[in-house]
Amino acid sequence: MYADQFQIYHGNANPDLSRKICRYLGIDPGPIDVFKFANDNIFVKILENVREKDVFIVQPTCNPADGRGDVNQSIMELLIMIDAFKRASAGRITAVVPYYAYGRSDKKDQPRVPITARLVADMISVAGADRVVTMDLHQGQIQGFFNIPVDELTAVHILSNYFKHKKLDDLVVVTDLGFAKRARTFAEMLEAPLAIIEKRRVGNLDRAELMNVIGDVRGKRAIIVDDEVDTAGTLTETVHALEREGVTEIYACATHGLLSGPAVERIEASGLRELVLTDTVPLAPAKRIPRITTLSIAPLIGEAIKRIHRGESVGALFSSEVEFTQEMLLWEDGVARKLDTRDSGIPVDGEVAAAFAGASAGPVAEEAPDR
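Let me begin by describing the structure that accompanies this report. Model, not experiment: these values are computed from the prediction.

1. With respect to the sheet that holds strand 4 (residues 54–58)
Phase 1: The five strands are arranged 1-4-5-6-7 in an open sheet whose pairing can be described as parallel. Edge positions in the open sheet fall to strand 1 (6–10) and strand 7 (150–153), since each of these has one partner strand only. Across the sheet, the mean angle separating the axes of adjacent strands is 20° when strand polarity is ignored.
Phase 2: The sheet contact formed by strand 5 (residues 92–97) and strand 6 (residues 131–135) spans four bridges and is parallel. Each bridged residue has a counterpart across the sheet, and for Thr 94 the counterpart in strand 6 is Arg 131.

Here's what the structure looks like:
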């Protein structure tokens, strides 16, 4: 049985998110060294006793914002940290992986290809993790690749509340078939109809050939919803398709903003008015353009960690049992304010940006020192 205390540790993939989670919970990140030797071998050393502790390792499997590493290094850091905590006799080890890499390799859709999403799941399990917390997997069935409990959180409520406070009218929510179920929840929260983009990916290229827009979108404002934006090829093709169908204004949102390769240039050249992302993946300074808004999911992950440690329901975060996702928690650097979506006094557009302490449009202000 693990001790009645928990601690959060992190690698180099997204340390800012981990520090925000810790500030939300009122604790300091656990002391740990994670670095590479000159021969590129990764070394991990835990700098305190963790025997029987409830340990949470925050490490999305993405490229670090500083460019010192890549997806595969982030995965190896996670695996080595898990092994280190297991050998240090931690009571329970939870891998908090806000962004799960290789999620699109979840099936054999071509001859002689791997199912890498399953391989990564096996490695995390074999390394010694007891539980995984993640967010908006590319496909929900990836949970079944694990032989340990998986808590999949979603940013749909946070993203939909952001747009609800903008008080946009004549809305239509646009998504593809793969994200349709969660997009339906998004549309219901905005009381808007749902339109579907029928698309076909061309081989292994990072672009899709759009086939058709299914639904009435002419003369409406559209919000494109997806789980991630990678090279923004599919996103910009969707924008062009909606423009051809007579949409008046186009917004987009996604949980994971990878923004690889020419993504930022494509977004700036498109007719997209605003792209709203979360901070599951860190954005390099060059990618923080005014058209991109970033919302923090630190409070959501922090609440999930607290509930897991206490043995409480995580699913209740997304139900009527609690008000956490119904009353949008606007939080950054330990300052919390609420905008109740069920209250009649909803701020107007200009007030939204000022009140949204958890959001950053363009360059992000420097964080306050850790307390």
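Now that the structure has been shown, the text picks up again.
2. Remarks on unusual backbone geometry
Phi is mostly negative for residues that are not glycine, and the peptide bonds are mostly trans.
Phase 1: Non-glycine residue Asp 136 carries a positive phi angle of around 45°.
Phase 2: For Asp 136, the location among the structural elements is in the loop between strand 6 and strand 7.
Phase 3: Asp 136 gets classed as buried once you look at its relative accessible area, which sits at 1%.
Phase 4: With a phi close to 55°, Asp 170 is a non-glycine residue in the positive phi region.
Phase 5: Topologically, Asp 170 is positioned in the loop between helix 4 (156–165) and strand 8 (171–176).

3. Thoughts on helix 8 (residues 298–310)
Phase 1: Here helix 8 contains 13 residues, and its C-alpha end-to-end distance of 18 Å stays within 8% of the 18 Å for a straight helix at 1.5 Å per residue.
Phase 2: Among the 13 residues of helix 8, eleven are classified as buried, and the element is accordingly described as predominantly covered.
Phase 3: Every buried residue belonging to helix 8 is among Ala 298, Pro 299, Leu 300, Ile 301, Gly 302, Glu 303, Ala 304, Ile 305, Arg 307, Ile 308 and His 309, and all of these are buried.
Phase 4: Where helix 8 ends, the next residue or the one after it, Gly 311, has phi of about 75°, a positive value.

4. Here's the deal with the nonpolar core
Phase 1: Ile 21, Phe 163, Phe 186, Ile 223 and Ile 301 are the most contacted members of the largest nonpolar core, which has 42 residues in total.
Phase 2: Here this core takes six residues from helix 8, the largest share from any one element.
Phase 3: Not counting residues up to four positions away in its chain, the partners in contact with Ile 301 are Leu 17, Ile 21, Val 96, Pro 98, Met 135 and Leu 153.
Phase 4: Counting 34 residues, the second-largest nonpolar core is a separate cluster that includes Ile 82, Ala 127, Ala 129 and Phe 145.

About the cut-offs
Residues numbered from 1 in each chain as written. Predicted model: local features only at pLDDT ≥ 70, side-chain atom pairs only at ≥ 80, totals over all residues. Heavy atoms only, no water. Pairing = 2+ DSSP bridges. Helix = DSSP H or I, 4+ residues; strand = E, 2+ residues; numbered from the N terminus. Axes fitted to C-alpha atoms, helices over the stretch in contact; angles between N-to-C directions. Buried < 20%, exposed > 50% of the residue type's maximum accessible area, 1.4 Å probe, protein only. Expected span 1.5 Å × (residues − 1). Core = buried A, V, L, I, M, F, W, Y, C linked by side-chain atoms within 4.5 Å. Contact = heavy atoms within 4.5 Å.

Honestly, that's just the spatial picture; any functional story needs more than this.
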